[in-house]
Amino acid sequence: MSKLLRYAAAGVAVASLGIASGAQAATQDSANVSATILTALSVAVDPADNTLDFASIAPGASAVSVSVAPNGTRTCPTGVVCSGTTNAPTFNISGAANATVQIGFVNSSETLNDGTGDSMTASSFLTDQPSDVATLDSTGAAAFHVGGSLAVAASQPAGNYTGTLTVDVAYN
């Protein structure tokens, strides 16, 4: 029996050395830390092409919506007469090469005023970029155009209506 006790004690001692040495042993590893600072992002309207222009509209007896697509083409509904040259403004983006940029509109609609108290609303703004995402080229540049819709009231008062449209851009 004493032999059995000796073997048992020796086994416990050996087992406890394995446990103690495992608990006492420390290990380390490390990971890299990095960051990429992107070039400042900017957007500017082309000064030679800076107006979303619905051109001339002769309103009818019913309220309608006149649209200008990002490529500058106008949709004029039945009941109104549209004439003149339309335009979709060009915006230029500058930033990090090959980056993707989300394009947005500060307001979903903008009010156009004629200076005498009459107004109309432009809305439903859209760009010519798929899902309003532009990919900057290898020099960090891209351009996009903006279209939208104009709500023309029945018998809208005559006048020259103006307003502003503001876009914003952010890295994806």
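Everything here concerns the structure above.
Attention in this report is confined to the structure presented alongside it.

A few words on the pairing of strand 6 (residues 90–94). With four bridges joining them, strand 1 (residues 42–45) and strand 6 adopt antiparallel strand pairing. Bridge pairing links Val43 to Ile93 in strand 6. Relative to strand 11 (residues 141–152), strand 6 runs antiparallel, the two being bridged by five bridges. By the bridge assignment for strand 11, Asn92 is matched with Ala143.

A separate point is unusual backbone geometry. In this structure, Asn98 is a non-glycine residue whose phi angle is positive, near 65 degrees. With respect to the secondary-structure elements, Asn98 resides in the loop between strand 6 and strand 7 (100–105). When its relative accessible area of 54% is taken as the criterion, Asn98 is described as exposed. Residues other than glycine seldom take positive phi values, yet Asp132 does so here, at roughly 55 degrees. Mapped onto the elements of the fold, Asp132 is located in the loop between strand 9 (119–127) and strand 10 (133–135).

Our next topic: the state of the cysteines. The tally for this structure, following the rule as stated, stands at one disulfide. The disulfide that involves Cys76 links it to Cys82, with 2.0 Å between the sulfurs. Around the S-S axis, the bridge from Cys76 to Cys82 shows a dihedral of about 80 degrees and counts as right-handed. Assessed through its relative accessible area of 31%, Cys76 is described here as partly exposed.

Attention shifts here to the side chain of Thr90. For Thr90, the location among the structural elements is in strand 6. A polar contact is formed between the side chain of Thr90 and the side chain of Asp49, at a distance of 2.5 Å. Looking at Thr90, its side chain comes within polar contact range of the side chain of His145, at 3.0 Å.

Cut-offs and rules
- Residues numbered from 1 in each chain as written.
- Predicted model: local features only at pLDDT ≥ 70, side-chain atom pairs only at ≥ 80, totals over all residues.
- Heavy atoms only, no water.
- Pairing = 2+ DSSP bridges.
- Helix = DSSP H or I, 4+ residues; strand = E, 2+ residues; numbered from the N terminus.
- Buried < 20%, exposed > 50% of the residue type's maximum accessible area, 1.4 Å probe, protein only.
- Disulfide = S-S within 2.5 Å.
- Polar contact = N/O pair within 3.5 Å; in protein donor to acceptor, adjacent residues only side chain to side chain.

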